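# Examination of the molecular architecture
For reference, the chains in residue letters:
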Amino acid sequence: MELYEYTVHELIEKLEKGEITSETLTKSYFDRIKEKDNKVKAYVSTLEESAMKKAKEIDEKRKAGKPVSKFAGIPIGIKDNMCIEGTKTTCSSKMLENFVSPYNATVIEKLNKEDLVYLGKLNMDEFAMGGSTEHSAFFKTHNPWDLERVPGGSSGGSAAAVSAEMAPWTLGSDTGGSIRQPASLCGVVGLKPTYGLVSRYGLVAFASSLDQIGPITKDVTDSALLLNLIAGHDEKDSTSMDMEKKDYTLSLVNDVKGMKIGLPKEYIGEGINEEVKQAILNVAKKYEELGATVEECSLDVGKYATAVYYIIACAEASSNLGRFDGIRYGYRTEKYDNLKDIYRNSRSEGFGPEVKRRIILGTYVLSSGYYDAYYKKAQKVRTVIKNAYDELFKKYDLLLTPTSPTTAFKIGEKTSNPLEMYLADICTVPVNIGGLPGMSIPCALDSKGLPIGFQLIGKAFDEETIFRAAYTYEQNSNFRENKPTFKGGDN
Amino acid sequence: MAISKEEIIHIAKLADLNLSEAEIEKYTKDMQEIIEFANTINNVNTEGMGETIGTNEKVNVLRKDEVVEFGNRDALLQNAPSQDEGMFRIPKVLN
């Protein structure tokens, strides 16, 4: 077995026993990247020199018997919208193509304390706006299970890298499904934590009331380990919750007896691919066999979540992206005579078409005459959706849905129709609207050999129940015996 | 209520974006479809409902108004497209 094939919890054991070094481990990933990334194109930039240097330092520390974190020397890949000091953070945009982070994101500070090794920065839809990574201004990322298909998005690079074993784990960010949907399409585990559990400081803002950073991993155990590292209050993010730190690995218990799981009927009905639906029903059956109760329920207002999401997310984005004016950082046009020209031409040349579309939509719903009808109304509907979740969680511990209504679609299939692309998020956006935690866990392959993921949704700040149920499923199934084939797309 | 080309031009101006003729055509069509979809939220009865701005408990987070030195001016300035003597350089504004 090659080193890159192991999970992080297996690698930690090998490092601690001295069976492997961080140097050989880190090198195995860069070798793998050289072998596979010309096809997958997950990385925007790699950090080989600094990573190898860091790995050697950790090895020397360990060899000398100095105290090191158990995570010391474990490699990780980071979505390219999180700042690592002194390295480029591009958001896969021409606007930030040459931006060098002047400071570390809080999640990076936390990983630095544990001495993790950064492999590189991962491709995404420009400014995290999209569900296929086709909106990257640089290049498209390909799905390792079928190179002619998308990896999902916006954290497509982060999910494809774990799937193709070009990183043992990665960080992504999720505003409307951007961790869970690509995790589902690439056959890996993706967790969007409760809003406020992980600090957003140093994450380039898309929609501030919805954005969350979370782990993309090979299995549920690694997800709990990585959440342990990144969760916690941060005074630099006033929306991060000040609460006692938890050890999520304590929830890795193979037992769901007595657990009550709701199965909202709207997400196994119209608009959901038949094979996906069947896979979800099989998961439900499995949970029942394992001692949980699964009951059909209804989240009727969930069907408005996508409309609410695009109004709120785009409104927030149009405001957040106002800062890009070609003055302090980012792209500056060469064509200008005055200050207004700099603003306007820099923005027009620096932003890609999907980003412009969302800025226009956001500006429209916030503009005089439409504010009440769209933005304010959407925030009220958001309350209705939150209340509906609250009602369901009086009865259920978890909700079970598909993560994505379909498996991976073909590159180019949805790019001409933005609304169709937006509807790829129907199963994931309601969770962000409610601020709840959601996890995608791979469960089956469809007839084309493409991964299907199921989503577990929990109460706010109750990641533990998700971990327990996800772990139990994983221990009683065998999805990880499947490996991506890298078929198709001989380019 | 369909969005007109003129509205898209107005909105783009507010957002400091120049649009080509082709972009105006495309975004007008896209916005018409997206706004029609967004209008479905009017089917929800929100009478008496408050607005959800964030999702956590609505507590004001207060802190002391203290200056914290960032300490690395060069790192900030290196990203400026044009700078001069520690300042961001822009074209002349006053005549």
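Residues numbered from 1 in each chain as written. Chains lettered and ligands numbered in written order. Predicted model: local features only at pLDDT ≥ 70, side-chain atom pairs only at ≥ 80, totals over all residues. Heavy atoms only, no water.

Once that is clear, we can look at the overall build of chain A. When you go through chain A residue by residue, the secondary structure sums to 15 helices and 11 strands. Computed over its C-alpha atoms, the radius of gyration of chain A comes to 21 Å, within 12% of the 23 Å expected for a compact globule of 491 residues. In terms of overall dimensions, chain A has C-alpha extents of about 65 × 55 × 50 Å along its principal axes. Relative to its 491 residues, chain A shows a buried fraction of 67%. Intrachain contacts of chain A at a sequence separation of at least 6 include 75% that bridge at least 24 residues. Summed over its atoms, the accessible surface of chain A is roughly 16700 Å², and 46% of this surface lies on carbon and sulfur atoms. Averaging the coordinates of the 63 positive side-chain charges in chain A and doing the same for the 68 negative ones gives two points 2 Å apart. (Helix = DSSP H or I, 4+ residues; strand = E, 2+ residues; numbered from the N terminus. Rg over C-alpha atoms; globule rule 2.2 N^0.38 Å. Buried < 20%, exposed > 50% of the residue type's maximum accessible area, 1.4 Å probe, protein only. Contact = heavy atoms within 4.5 Å. Areas by Shrake-Rupley, 256 points an atom, 1.4 Å probe, with all protein chains shown as cover. Lys, Arg positive; Asp, Glu negative; His and termini not counted. Charge placed at Lys NZ, Arg CZ, Asp CG, Glu CD.)

On a plain count of helices and strands, chain B comes out with three helices and two strands. Mapped from its N terminus to its C terminus, chain B presents α and β elements in the order α-α-α-β-β. For chain B, whose C-alpha radius of gyration is 23 Å, the value lies well above the compact-globule estimate of 12 Å for 95 residues. With respect to the three principal axes, the spread of C-alpha positions in chain B is 55 × 45 × 25 Å. Split into buried and exposed, the 95 residues of chain B put 31% on the buried side. Surface summary for chain B: the accessible area is close to 7000 Å², and the carbon and sulfur share equals 51%.

All right, on to the packing of aromatic side chains then. Applying the stated criterion to the full structure yields 20 aromatic pairs over all chains. Arranged with centres 6.2 Å apart and planes meeting at 85°, the rings of A:Tyr103 and B:Phe70 form a pair that is edge-to-face. Taken together, the residues span two chains, with A:Tyr103 in the loop between β2 (75-79) and α4 (106-113) and B:Phe70 in the loop between α2 (21-38) and α3 (73-77). Judged by its relative accessible area of 26%, A:Tyr103 falls in the partly exposed class. Of the aromatic side chains, those joined through ring pairs into one cluster are A:Phe99, A:Phe127, A:Phe324, A:Tyr329 and A:Phe351. Just above the ring of A:Phe139 sits the side chain of A:Lys41; from NZ or CZ to the centre is 5.8 Å. (Phe/Tyr/Trp six-rings, centres within 6.5 Å; stacked < 30°, edge-to-face > 60°. Lys NZ or Arg CZ within 6 Å of the ring centre and 35° of its normal.)

The next subject is the pattern of salt bridges. Residue and element names in this part refer to chain A. Summed over the entire model, instances satisfying the criterion amount to 35 salt bridges over all chains. For Glu35, the salt bridge is made with Arg32, and the minimal N-O distance between the two is 4.0 Å. Pair noted here: Glu35 and Arg32 are both in helix α2 (residues 22-40), with a separation of three residues, about one helical turn. On the basis of relative accessible area, Arg32 is assigned to the buried category, the value being 7%. Between Lys246 and Glu464 there is a salt bridge, with its nearest N and O atoms 3.3 Å apart. (Salt bridge = Lys/Arg side-chain N within 4 Å of Asp/Glu carboxyl O.)

Each side of the interface is counted separately: chain A has 70 residues, and chain B has 53 residues. The junction of chain A with chain B conceals about 5300 Å² of combined surface from both sides, 64% of it contributed by carbon and sulfur atoms. On the surface where chain A and chain B come into contact, there are four salt bridges. B:Asp16 is the salt-bridge partner of A:Lys340, the closest N and O atoms lying 3.2 Å from each other. Between chain A and chain B we count 21 residue pairs in polar contact (both at pLDDT 80 or more) in total. Elements that contribute at least two residues to the side of chain A that touches chain B include exactly α9 (305-320), α10 (339-350), α11 (353-366), α12 (371-395), α13 (418-422) and α14 (429-434) of chain A. The residue inventory of the side of chain A that touches chain B, partitioned by class, reads 35 nonpolar, 21 polar and 14 charged. (Buried area = accessible area lost by both parts, 1.4 Å probe. Polar contact = N/O pair within 3.5 Å; in protein donor to acceptor, adjacent residues only side chain to side chain. Nonpolar A, V, L, I, M, F, W, Y, C, P; charged D, E, K, R; others polar.)

This part takes up the side chain of A:Glu5. Residues and elements named next belong to chain A. Tracing the backbone through its elements, the reader meets Glu5 in the segment before α1 (8-17). Overall, Glu5 belongs to the buried group, its relative accessible area being 19%. A polar side-chain atom of Glu5 sits 2.7 Å from the main-chain amide nitrogen of Glu2. What Glu5 contacts, discounting residues up to four positions off in sequence, is Glu165, Lys218, Arg480 and Lys483.

What follows concerns the nonpolar core. Residues and elements named next belong to chain A. Among the nonpolar cores identified, the biggest contains 169 residues, and Leu111, Phe127, Trp169, Leu171, Tyr287, Phe454 and Leu456 are the most heavily contacted of them. Counting residues per element, this core draws most heavily on α9, at 11 residues. Counting five residues, the second largest nonpolar core, distinct from the first, contains Val150, Leu185, Phe409 and Met421. (Core = buried A, V, L, I, M, F, W, Y, C linked by side-chain atoms within 4.5 Å.)

Residues and elements named next belong to chain A. Across the sheet, 11 strands lie side by side as β1-β3-β2-β4-β6-β5-β10-β11-β9-β7-β8; this open sheet has mixed pairing. The open sheet has two free edges, formed respectively by β1 (43-46) and β8 (293-297), since each of these has just one partner strand. The average angle at which neighbouring strand axes cross in this sheet is 30°, direction not considered. Where β1 meets strand β3 (residues 117-122), three bridges bridge the pair, whose relative direction is antiparallel. (Pairing = 2+ DSSP bridges. Axes fitted to C-alpha atoms, helices over the stretch in contact; angles between N-to-C directions.)

It is worth spelling out empty space enclosed by the protein at this point. Residue and element names in this part refer to chain A. Under the criterion given, the structure shown has four cavities of 30 Å³ or more. Put simply, the largest cavity is a space of about 150 Å³. Considering the residues around the largest cavity, the lining is formed by 13 residues, among which Ser163, Gly187, Val188, Arg480 and Asn482 are closest to the centre. A breakdown of the residues in the lining of the largest cavity according to their chemical character gives six nonpolar, three polar and four charged. Taken as a whole, the second largest cavity spans an internal volume of roughly 70 Å³. Lining the second largest cavity we find Ala128, Gly130, Gly131, Gly153, Gly176, Gly177, Ser178, Phe206, Tyr309, Tyr310, Arg358 and Asp425. For the lining of the second largest cavity, a count of residues per class yields four nonpolar, six polar and two charged. (1 Å grid on protein atoms, 1.4 Å probe; cavity = no way out; pocket = protein on both sides within 12 Å on 5 of 7 lines; lining within 4 Å. Points joined across faces, edges and corners; volume = space filled by probe spheres on them.)

Okay, the pairing of strand β5 (residues 189-192) of chain A next. Side chains on a regular strand alternate between the two faces of the sheet. Residues and elements named next belong to chain A. Neither face of β5 is open: one carries Val189 and Leu191, the other Gly190 and Lys192, and all of them are buried. Sheet topology note: the β5/strand β6 (residues 212-217) ladder contains two bridges and is antiparallel. Residue Val189 lies in a different strand from β6, and its bridge partner there is Thr217. Pairing between β5 and strand β10 (residues 438-445): three bridges, direction antiparallel. Opposite Gly190, over in β10, you have Ser440 as the bridge partner.

A few words now on α11(A). With 14 residues, α11(A) ought to run about 20 Å at 1.5 Å a step, and its terminal C-alpha atoms sit 20 Å apart, in line with that. Burial of α11(A) is extensive: 12 of the 14 residues sit out of reach of the surface. Listed as buried for α11(A) are A:Glu354, A:Val355, A:Lys356, A:Arg357, A:Arg358, A:Ile359, A:Ile360, A:Leu361, A:Gly362, A:Thr363, A:Tyr364 and A:Val365. Where α11(A) is buried, its residues contact α9, α10, α12 and α13 of chain A together with α1 (5-14) and α2 of chain B. (Expected span 1.5 Å × (residues − 1).)

Residues and elements named next belong to chain B. Taken together, the side chains of Ile90, Val93 and Leu94 present a nonpolar region at the surface, about 300 Å² in accessible area. With respect to the helices and strands, Leu94 occurs in the segment after β2 (87-88). With relative accessibility at 71%, the residue Leu94 sits in the exposed group. (Patch = residues over 30% accessible without salt bridge, like charges linked within 9 Å, V, L, I, M, F, W, Y side chains within 5 Å.)

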